[in-house]
Amino acid sequence: MLGGAMNSSRWDSDFARRDSNLLVERDEQISTLVSMVDAASVGSGSALLVVAAAGLGKSRLIVEGAKAASERAVLVLRARAVRSERDLPLSVALRLVEAHLAAVTSEQRASLLAGAAGLARPVLDGESGDAHEAAARSPFAVLHGLYWLLVNISAERPLLLCVDDLQWCDDTTLRLLLYLAERIEDLPIALLMAARPRRRGLDPEPLRALRGSQVVSTMELEPLGVRGVGELLQARLGSVDGEVRDACAEVTGGSPFYLQELLLCFDEQKDGDIATRPDRIRELGGDSLARAALFRLVRCDRASIHLAQALAVLGDRTPLRLAGSLAGLTLDEAGVAADELAGEQLIISGGSLEFAHPLIRQSIYEEIPPARRALQHAAAAGLLRSTGAPVELVAVQLMPSPPAAEGWVVQTLREAARQASDRGSPDTAARLLHRALAEGAAEVPASTLLLEIGAAETSAGLSGAPGHITQALDQLRGPRERIEAHRLLARALGGEGRPEEAVEVLEHALDELTSETQDLQTMLLADYLVDAAFLPGLRQRSIARAAALTRDLPEADTSDGRLLAAALAMRSGQAARPRSETVELAERAWCGGLLLDDSGPDGVGWLMAVWALQLAEDHVRSEEVTAAALDAARRIGALYPFITASYFRGDAYARLGLLDEAQADAEQAVRACQGGAHRYLSASLVLRANVLIERGKLEEAAVSLASADDLSAVGMLEVPWRLEARGRLALAEQRPVEALRLFEQAGAFMDERLQAEHSVLPWRSNGALAALQAGRPDRARELAEADLANADRIGLDISRGRALRVLGLISGGAPGLDQLTEAVDVLARSSAALERARAVADLGAALRRAGHLVDARPKLLDALASAERLDAERLASAVRQELGAAGVRAPRQPRDRAVLTPSQRRVAELAARGLSNTEIAQALFVTPKTVEYHLSQVYQRLQVPGRRHLAAALASAG
């Protein structure tokens, strides 16, 4: 823990002391802050970034916002970032919340940290446990926990969060602030931040993302004009000559801070008429004002100068005893020196010390000669270490200190790097490890540090990781070490978008295997097959290399063995191997859920198993596996796995014909992507469009597909899915020629670009339907027969039934009736309810056209019942027309279930199970206000007074 939040009165005190109660030329800005706080008070949150050069009063505006909030009974949590803690992950975030948590009762604290907020416990109070160890595998988990902690705090009282000097904020807190800002609209939270102007090429990536976010408004402060400078002068000096006012405005550049320094110079001059002489004012010059604090410092006692320099090295919020020790002073001497510095308005003295303004600290710090300053940091690190300070605080001082080949320095930096990684800041870890490498201590080999640097850079997505790992490989001689380094290098290359090189590295590692390292073969092959999965030129080579393992697979009693089985299962499905073989491998990999436990929902193992099950058309099992992954993602607050599992479960539901559930999952994934996460966003939009097409909502489907088309970040694998969905829409809109073109484009992409032997995309059968409607029966038969042959070879009932249905429509007459009848029989054995309903409908229509009305009517009624039960309105509408032609009046049966949208039903079902609004919001990665809105609609549509009536109402709705 990094200590409590800065005391509000202390943060405000330098303004109060400096006659700064008067604010000029800031009325519009203050009005904006007040409106922001008022909106948060009624549950409409927003984020604002105040941008201003140092000394223009951005901190004062934050104080004004805090005052406005306090006057409106809005809780204020605030923190100021300091340069010295830039490499302390979550330092600012913890200061925001720790003081509040310390002030509440133990019962209140437990309530605030309930549910997903509990994921923040590891960094708040060091608690451990299985859940937290699992959370540590997801860098997102702690941020998600802190986000929900803030949401829980705001549920008790509207909240204003103030963060000053964002340019010095640690990266992990910046990511938290962005995550909050992207979800703040429905929360009773106002997020007020302040930063200096952007520094081209110097701002860290999280700060650039925050500055560029569309959900963060920006307020840029301009220097005071001549009139504003005159008002401040008049408030302090009374009547001021116009030339004096102009001279002050010129010298200070309109900076309130420099104007205050100028006024201090007026006070200090023996010649009292300086305030009336423009020439004397101009003699001071802007440069002199920038160094005015140094002028006041040099006239202090030597002890005071040493204390100020020690504080500049240690940073704000340093205890007096510690600063005094670094300055070589006794506690009494340090106290006297601190009083003198406070009297000179250089520091704010209390239980700990801080500078009155960041510019003062900057001036004093930069005045220390660089070599001496570096040695002071080294001395500070040693002092902190001797007092038992946390390693991260010692590491902060070690970063700018000179290398001295000290073993303890390297170990301290390595431990701080490990903690940074645990807190979701691998980029900070990489910086710490670079400094450890520079230390040059013999106790830790350079190769070890290079590998650790490469691992941190890989996790952070930083360039340069492959180079550092390659450097380490050049120094490694042990076979086992080299294999591990090759694995890491492959990961780094894959992270840089160089998958072909990654596969080549793993092939080299496989070639280096010896009898001594044969036990590493399983994990190497698992990595190898995963990395080669979607590389057409290498996939076949990888399958051939691992072919023997399909006959002699290691027992799946290790995590590597299960991962390899999952990779082989996916390969089996892609290679169009028999269905039974693929399912057996997938089940062996899943191993009752141990595959998911091995690496958590962030791992790729469960996803490969799902992919294999989909290719084998075992959609019931696919839904079960994705549901388990979804639950795991919820438990640890892992956003990306939540999105991934939502999409794949929705896809399984759609293939099962459960359109309500499929649409709910697709929309769940889309909502979770709203904060900027694009993983499976395009795929989820396409899935939603396909479901909407089946429901007859073609305009809404077109909007969903247009949203997918607008995405700039779409992976190659998603292209054929978008083309195929557009083909479905064109076919539903009676544009068969265009539909056929789109289906064939999707197929060409699969065959030529991805070289897929088998996929779950039914482009051939759908293309055959389009070709038939476009008057091209030969092309239709060619496509359908190819699909049938593939299904027969693999043993896929759903694909076989679908192909037979299409062939029955193409053939017509008695042969067509036989094929349609066979299609119905095949699909009756499958889990694809909607595919079966289509086949029954087409059989009934064919019987009706053949004049077999007695046989046709029950088929059509069966198909209509299934279509209405599944809410497949497009099919139901077509069946009603056929029934009318068959002389049967079939009035539409309204479905009570359709009263609710899929998303509303998802919320209602969770509420009926007893979950609170907050628990539902955490489960769905939305805000409590969103849940509240959905429930209000549910109550209205189901005509129930509250949640205790939901279970019965949902049961009666069907």
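Note that this is a predicted model, so its numbers are computed, not measured.

Rules used in this analysis
- Residues numbered from 1 in each chain as written.
- Predicted model: local features only at pLDDT ≥ 70, side-chain atom pairs only at ≥ 80, totals over all residues.
- Heavy atoms only, no water.
- Helix = DSSP H or I, 4+ residues; strand = E, 2+ residues; numbered from the N terminus.
- Polar contact = N/O pair within 3.5 Å; in protein donor to acceptor, adjacent residues only side chain to side chain.
- Contact = heavy atoms within 4.5 Å.
- Pairing = 2+ DSSP bridges.
- Axes fitted to C-alpha atoms, helices over the stretch in contact; angles between N-to-C directions.
- Parallel < 35°, antiparallel > 145°, perpendicular 65-115°, else oblique.
- Left-handed = near helix turned anticlockwise from the far one by under 90°.
- Nonpolar A, V, L, I, M, F, W, Y, C, P; charged D, E, K, R; others polar.
- Salt bridge = Lys/Arg side-chain N within 4 Å of Asp/Glu carboxyl O.
- Core = buried A, V, L, I, M, F, W, Y, C linked by side-chain atoms within 4.5 Å.
- Buried < 20%, exposed > 50% of the residue type's maximum accessible area, 1.4 Å probe, protein only.
- Expected span 1.5 Å × (residues − 1).

Asker: Help me understand unusual backbone geometry, please; the structure alone is not making it clear to me.
Answerer: Negative phi characterises most residues that are not glycine, and trans characterises most peptide bonds. Here Asp871, not a glycine, exhibits a phi torsion of approximately 60°, which is positive. Looking at the element boundaries, Asp871 is found in the loop between α46 (853-870) and α47 (873-885). A positive phi angle, near 55°, is found at Gln943, a position not held by glycine. Mapped onto the elements, Gln943 comes out in the loop between α50 (928-942) and α51 (950-957).

Asker: Before we go on, may I ask you to explain the side chain of Gln362 in this structure?
Answerer: By the element assignment, Gln362 lies in helix α19 (residues 358-367). Within the structure, Gln362 has its side chain in polar contact with the side chain of Arg196 (distance 3.4 Å). Setting aside anything within four residues of it in sequence, one finds Gln362 in contact with Arg83 and Arg196.

Asker: Just checking my understanding: could you explain the sheet that holds strand β3 (residues 159-164) for this structure?
Answerer: In a beta sheet, neighbouring strands are held together by backbone hydrogen bonds and run either parallel or antiparallel to one another. A sheet is described by the order of its strands in space; here 5 strands give the open sequence β2-β3-β4-β1-β5, paired in parallel fashion. On the outer flanks of this sheet lie β2 (75-80) and β5 (216-220), each paired with one strand and no other. For this sheet, the mean inter-axis angle between neighbouring strands, taken without regard to orientation, is 15°. As judged from the 5 bridges shared by β3 and strand β4 (residues 189-195), these two strands associate in the parallel manner. Across the sheet, the residue bridging to Leu159 is Ile189, located in β4. The sheet strands contacting helix α3 (residues 58-71) are β1 (46-51), β2, β3, β4 and β5, and the helix crosses β3 at an angle near 165°. In the packing of helix α4 (residues 91-103) onto the sheet, the strands contacted are β2 and β3, and the crossing angle to β2 comes to about 140°.

Asker: Explanation requested: the packing of helix α39 (residues 719-732) against helix α41 (residues 763-773) in the structure shown.
Answerer: The relative placement of two packed helices comes down to the angle between their axes together with the axis-to-axis distance. Interhelical geometry of α39 versus α41 gives an angle of 30° and a closest axis separation of 11 Å. Considering their axes alone, α39 and α41 lie roughly parallel with respect to each other. Note on packing geometry: the crossing formed by α39 with α41 is left-handed. Here Glu724, Arg728 and Leu731 of α39 lie close against α41, whose contacting residues are Trp763, Asn766, Leu769, Ala770 and Gln773. Considering only residue class, the contact of α39 with α41 consists of 4 nonpolar, 2 polar and 2 charged.

Asker: Sorry if this is basic, but what is going on with the sheet that holds strand β6 (residues 318-319) here?
Answerer: Across the sheet, which stays open at both edges, the 3 strands sit in the order β6-β8-β7 with antiparallel pairing between neighbours. Edge positions in the open sheet fall to β6 and β7 (347-349), since each of these has one partner strand only. Two strands pair when backbone bridges link them, and β6 and strand β8 (residues 352-355) are joined in this way by 2 bridges, in the antiparallel orientation. Among the inter-strand pairings, Pro319 is bridged to a residue of β8, identified as Ser352.

Asker: Would you explain the pattern of salt bridges in this entry?
Answerer: A side chain with one charge may pair with a side chain of the opposite charge, provided their charged atoms come close. This model, assessed by the stated rule, comprises 61 salt bridges. Between Asp660 and Arg695 there is a salt bridge, and its shortest N-O distance comes to 2.2 Å. Within this pair, whereas Asp660 is found in helix α36 (residues 659-672), its partner Arg695 is found in the loop between α37 (681-694) and α38 (698-710), the two being separated by 35 residues in sequence. Each of Lys58, Arg80, Asp164 and Asp165 takes part in salt bridges that share partners, so that together they form one network.

Asker: Even after reading the chapter, I still don't get the nonpolar core, so can you show me in this structure?
Answerer: The nonpolar side chains of a soluble globular protein tend to be buried with one another. Residues Leu124, Leu149, Leu161, Leu166, Leu180, Leu191 and Met193 are the most contacted members of the largest nonpolar core, which totals 222 residues. Setting aside its immediate chain neighbours within four residues, Leu166 contacts Leu49, Leu174, Leu177, Met193, Ala194, Ala195, Leu207 and Leu210. In this structure, Phe257, Ala308, Tyr365 and Val410 belong to the second largest nonpolar core, which totals 57 residues.

Asker: Could you clarify how one ought to interpret α46 in this entry?
Answerer: The α-helix winds at 3.6 residues per turn, so residues separated by three or four positions along the chain end up facing the same way. Here α46 contains 18 residues, and its C-alpha end-to-end distance of 25 Å stays within 8% of the 26 Å for a straight helix at 1.5 Å per residue. Among the structural elements, α36, α45 (833-849) and α47 are those in contact with the buried residues of α46. Remark: Asp871 follows α46 within two positions and exhibits a positive phi of approximately 60°.

Asker: What am I meant to see in the packing of helix α16 (residues 302-314) against helix α18 (residues 331-343) here?
Answerer: For the pair α16 and α18, interaxial distance at closest approach is 8 Å and the crossing angle is 85°. Between α16 and α18, the interaxial angle falls into the category roughly perpendicular. Along the contact surface, α16 presents Ala303, Ser304, Leu307 and Ala308, while α18 presents Ala334, Ala337, Ala338, Glu340 and Leu341. Taken together, the residues that form the contact of α16 with α18 break down as 7 nonpolar, 1 polar and 1 charged.

All we've got here are geometric facts, nothing functional implied.
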